[in-house]
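# Examination of the molecular architecture
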Amino acid sequence: PEDALAAWLRDQRWFAAKSRDLGQVHVLETVALPMKEPPAPPMVIACVESRFAAGTHDIYQLPLALRPQEEGWQDGVIATVGGMTVYDAFRDPEAAAAIARLFRDGARTDGEPATVALHWSDQAQRPSGGPDVRLIGTEQSNTSVVFDSALILKAFRRIEAGDNPELEMLRFLSDRG
């Protein structure tokens, strides 16, 4: 599965290291997301490390969904494992709507050793978690999903220690109206 993940990563527009020699890809951790409302496939957040021949590495967060292979899911597929199709959750409107509901509800799930906590700004309306979900496909380094035709969730795929500078800027601007 990690070979399939490496091949899939190389093809993603947001993968930052297309010109570098990718040596190995490892799944460092997965945390299952708490699915309370159907319809939604089971999902996990995977923390994935890509190592390069030069000895450097990048870490990515990947929201992944799973569907039984017999359903024939085709969009954003990474691999088939144990009869389940593993794919990018943001490519599935049902999965993306479930993620919106998790943000709306401030969901938190503790894995070992990772924790996933979803927060929504108190300064913005919360997403309904309904079917009005649309992926924006033009970004290069992240993934954005529109909820309720009014809200945008921007998922930073490549993660680094500390606050993201873009998030800091948005907080600063929001605090000043």
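Just so we're clear, the structure is a prediction, and the values are computed from it rather than from any experiment. (Residues numbered from 1 in each chain as written. Predicted model: local features only at pLDDT ≥ 70, side-chain atom pairs only at ≥ 80, totals over all residues. Heavy atoms only, no water.)

This part takes up the nonpolar core. The biggest cluster of nonpolar side chains holds 26 residues, and the ones touching the most others in it are Met43, Ile99 and Phe147. Contributions of two or more residues to this core are made by strand 2 (43-52), helix 2 (93-105), strand 9 (142-147) and strand 10 (151-156). Examining the composition of this core, we find that eight residues originate from one element, helix 2, more than from any other. Ignoring sequence-local partners within four residues, the contact set of Met43 consists of Val31, Ala32, Leu33, Met35, Leu64, Ala65, Ala89, Ala95, Ala98 and Ile99. With 19 residues, the next largest nonpolar core counts Leu22, Val25, Ile78 and Val86 among its residues. (Core = buried A, V, L, I, M, F, W, Y, C linked by side-chain atoms within 4.5 Å. Buried < 20%, exposed > 50% of the residue type's maximum accessible area, 1.4 Å probe, protein only. Helix = DSSP H or I, 4+ residues; strand = E, 2+ residues; numbered from the N terminus. Contact = heavy atoms within 4.5 Å.)

Phi angles above zero are rare outside glycine, and Asp148 is one such case at about 55°. For Asp148, the position within the fold is in the loop between strand 9 and strand 10. The partly exposed category is assigned to Asp148, whose relative accessible area is 22%. Phi is positive for Ser149, close to 55°, though the residue is something other than glycine. The topology assignment puts Ser149 in the loop between strand 9 and strand 10.

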